[in-house]
Amino acid sequence: PKMDPEEIESHCFDLRIYTMMFLRPLLLLALLHEKQVNSFVVSPNQFLTFRSGTENNAGEESTTKVSENNVEEESTTKVVAQGGGHDIRSEVKDAAPKMDPEEMKLMGRFQKHQKNAAKLNWPTDVRTLIEYSTGFAVMSTNSKSDAGYPGGSVVGFAPDSNGEPLFIFSSMSSHTQDLNKDPKCSLTVTAKEFKGAADGRVNLMGTVEKLSDDELDTAREIYLKKHPGAFWVTFGDFTWYRLKVEKIRFVGGFARAGSVKAAEYKEASPDSISEVGMFIAQHMNDDHQSATIAMVASEIEGMDVSEAVITSVDSLGMYVKCSRTPKSSDQPQQFKLRIPFPRPAEDRKDVKNIIVQMTQSAAAAANKKEAVTADKEES
């Protein structure tokens, strides 16, 4: 999907944050450098650049570039702008620790793997998130009572066959009064498994319209399927509405954000495996987490994690929240990665077969690695 300048900046910000989380221990090492660290930049070619100025000559810039294949230092004499910031200096003299090359290579492999890992396309991902959400979201309206301010309300909804949210609102609700004055609004929906910034959320923007009489029976059936306890759907002072989706902003997690065209969203179908994905994830997390850890190690060479919790499963793969402590640091890391399936899953039983296959392959790879290590130790 195409992104406007603001969305590009948001995308780049997410990428910088994601990289910073992965490199946290290395950033801490950099702060021990005898020079003052003023900033760091992640450039498009995936180099991490540290800019620092010495105490006596703040106009000099020292740059450290790190890629998957090498670690190199460059000294330049460019004049850099002097501004605010934290004055962080190390008390350790003549100590300039270099970042672990092996860790940098691991990060390179991680990035390459994640870039190539199969994922749902954005329209399908958004449509799936909306379809299988909790059915509650935050609606933002232009306030009638507090002119010039946005109003926010937690509301219940159910998506229709095109993915457009259906609502039933009381005439007394503040958001109903706001919509009667200005029908433009947005709805922010989080993934069912949402726990934080690494998880998906969607902002649907558009215009709310009242349903016609011939749509009410269908709307009531759809809504009660999502909210079976909604006894108020027959109340006389409640009115049915639909959000006509016009614009969509999607954040699928760190380094995955942008816009989705409304037409593509409405044409997409929810991923059927995602509906049962949390049941599969819960079973794996409760009974077979060691198998998930082995799969992570098998997918990315050198990625040894202490914890691997599956957060979602779809027809093309699964997202896993991992914890690890790099060998060169005592600072733990936590991050999410994508593990693709070797082929698309057709149903729940097929997902089980695929995971069993992946588990067996990971176990075989681990045994082979142990045998190679043992041979080296003996020799």
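Residue positions are counted from 1 within each chain, in the order its sequence is given. Owing to the predicted nature of the model, reporting of local features is limited to residues with pLDDT of at least 70; listing and counting of side-chain atom pairs is limited to 80 or more, with chain, interface and lining totals taken over all residues. To get the side-chain values, take all heavy atoms of the structure and skip hydrogens and water.

### Re the environment of I354
Quick reminder of the rule: Each helix corresponds to a stretch of at least 4 residues labelled H or I by DSSP, and each strand to a stretch of at least 2 residues labelled E; elements are numbered beginning at the N terminus. Here, residues are in contact when the closest pair of their heavy atoms is within 4.5 Å.
Relative to the helices and strands, I354 resides in helix α10 (residues 348-378). Once residues within four sequence positions are removed from consideration, I354 is found in contact with F341, P342, R343, P344 and A345.

### Examining α10
An α-helix turns once every 3.6 residues. As a result, residues three or four positions apart point the same way. Heads up, the condition is: Residue count minus one, scaled by 1.5 Å, sets the expected span of a helix. Accessible area is worked out with a 1.4 Å probe on protein chains only. A residue is then buried under 20% of its type maximum, exposed over 50%, and partly exposed in between. By the criterion applied in these results, polar contacts are pairs of N or O atoms within 3.5 Å in which, for protein atoms, one can donate a hydrogen and the other can accept it, and in which residues neighboring in sequence qualify only through two side-chain atoms.
With 31 residues, α10 should reach 45 Å at 1.5 Å per residue; the first-to-last C-alpha distance of 45 Å fits that figure. For α10, the complete set of buried residues consists of D350, V351, I354, I355, M358 and A362. Close packing links the buried residues of α10 with α8 (274-287), α9 (289-299), β13 (307-314) and β15 (333-340). Taking the backbone nitrogen of K349 as reference, a side-chain oxygen 3.3 Å away marks D347 as the first, capping residue of α10.

### A closer look at the side chain of S323
Locating S323 in the fold gives a position in strand β14 (residues 317-324). A distance of 3.4 Å separates a polar atom in the side chain of S323 from a polar atom in the side chain of Q334. Not counting residues up to four positions away in its chain, the partners in contact with S323 are V305, S306, E307, Q333 and Q334.

### Things to note about the layout of surface pockets
Where we set the bar: We place a 1 Å grid over just the protein atoms. Points where a 1.4 Å probe fits but has no way out form a cavity, open points with protein on both sides within 12 Å along at least 5 of 7 lines form a pocket, and any residue with an atom within 4 Å of a point lines it. Grid points are joined across faces, edges and corners, and a volume is the space filled by probe spheres set on the points. Polar here means any residue outside two lists: the nonpolar Ala, Val, Leu, Ile, Met, Phe, Trp, Tyr, Cys and Pro, and the charged Asp, Glu, Lys and Arg; Gly therefore counts as polar.
Space inside the second largest pocket adds up to approximately 890 Å³. As for the second largest pocket, its lining consists of 40 residues, of which T128, E131, Y132, S133 and S274 are closest to the centre. Contributions of two or more residues to the lining of the second largest pocket are made by α4 (122-131), β7 (158-159), α6 (216-226), β11 (238-253), α8, β13 and β15. In terms of residue count, α8 provides more of the lining of the second largest pocket than any other element does, six residues in total. In terms of residue class, the lining of the second largest pocket is made up of 14 nonpolar, eleven polar and 15 charged.

### Points about the packing of α8 against α9
Inclusion rule: Angles run from 0 to 180 degrees between N-to-C directions of axes, and those axes are lines fitted to C-alpha atoms, restricted for helices to the stretch in contact. For this classification, under 35 degrees means roughly parallel, over 145 means roughly antiparallel, 65 to 115 means roughly perpendicular, and everything else is oblique.
Where α8 contacts α9, the axes come no closer than 5 Å and their chain directions differ by 100°. With respect to α9, the element α8 is oriented roughly perpendicular. In this structure, α8 contributes M284, N285 and D287 to the contact, and α9 contributes Q289, A291, T292 and M295. Of the residues in the contact of α8 with α9, the class split is three nonpolar, three polar and one charged.

### Details of a nonpolar patch on the surface
Counted only if it meets this: Patches were defined on residues exceeding 30% relative accessible area and lacking a salt bridge, with like-charge contacts within 9 Å and nonpolar side-chain contacts (Val, Leu, Ile, Met, Phe, Trp, Tyr) within 5 Å. Surface exposure here means Shrake-Rupley accessible area, sampled with a 1.4 Å probe, where a residue is shielded only by the protein chains that are shown. Put simply, a salt bridge is a Lys or Arg side-chain nitrogen that is within 4 Å of an Asp or Glu carboxyl oxygen.
A surface patch of nonpolar side chains, about 280 Å² in accessible area, is lined by F136, V138 and V154. Within the secondary structure, V154 sits in strand β6 (residues 150-156). According to the relative accessible area criterion, V154 is exposed, its value standing at 62%.

### Re the packing of aromatic side chains
Note the cut-off: Classification of ring pairs uses Phe, Tyr and Trp, with its six-membered ring standing for Trp, and accepts pairs whose centres are within 6.5 Å; under 30 degrees between planes counts as stacked, over 60 as edge-to-face, and the remaining range as tilted.
This structure, assessed with the given rule, holds eight aromatic pairs. When the centroid spacing of 5.6 Å and the interplanar angle of 85° are considered together, the rings of F110 and F335 count as edge-to-face. Taken together, the residues span a long stretch of sequence, with F110 in helix α3 (residues 101-116) and F335 in strand β15 at a distance of 225 residues. Here the two residues F110 and F335 agree in accessibility, since each one is buried. Seen in terms of ring centroids, F167 and F169 are 5.1 Å apart; in terms of plane orientation they differ by 25°. Their pairing is stacked.

### Observations regarding the packing of α9 against α10
Note the following rule: For a crossing to be left-handed, the near helix must be turned anticlockwise from the far one by less than a right angle; the clockwise case is right-handed.
The N-to-C vectors of α9 and α10 enclose an angle of 65°; their axes lie 8 Å apart at closest approach. If you check the angle between α9 and α10, you find them roughly perpendicular. Here the hand of the crossing between α9 and α10 comes out left-handed. Contacts between α9 and α10 involve A291, A294, M295, S298 and E299 from the former and I355, M358, T359, A362 and A365 from the latter. Per-class residue counts for the contact of α9 with α10 are seven nonpolar, two polar and one charged.

### Brief notes about the confidence of the model for the protein
Short version of the rule: For every residue, the predictor assigns a confidence score, pLDDT, that lies between 0 and 100.
Taken residue by residue, the protein gives an average pLDDT of 81. The fraction at 70 or more is 74%. Scored below 50 in pLDDT, residues 32-94 shows 110 contacts in the model against residues more than four places distant or in partner chains.

### Describing the pattern of salt bridges
For the structure on display, the rule yields 13 salt bridges. A salt bridge links R220 to D217; the nearest nitrogen and oxygen atoms lie 3.1 Å apart. With a gap of three residues between them, R220 and D217 both fall in helix α6, about one helical turn apart. Bridged by salt links that share partners, the residues D160, E215 and R242 form one connected network.

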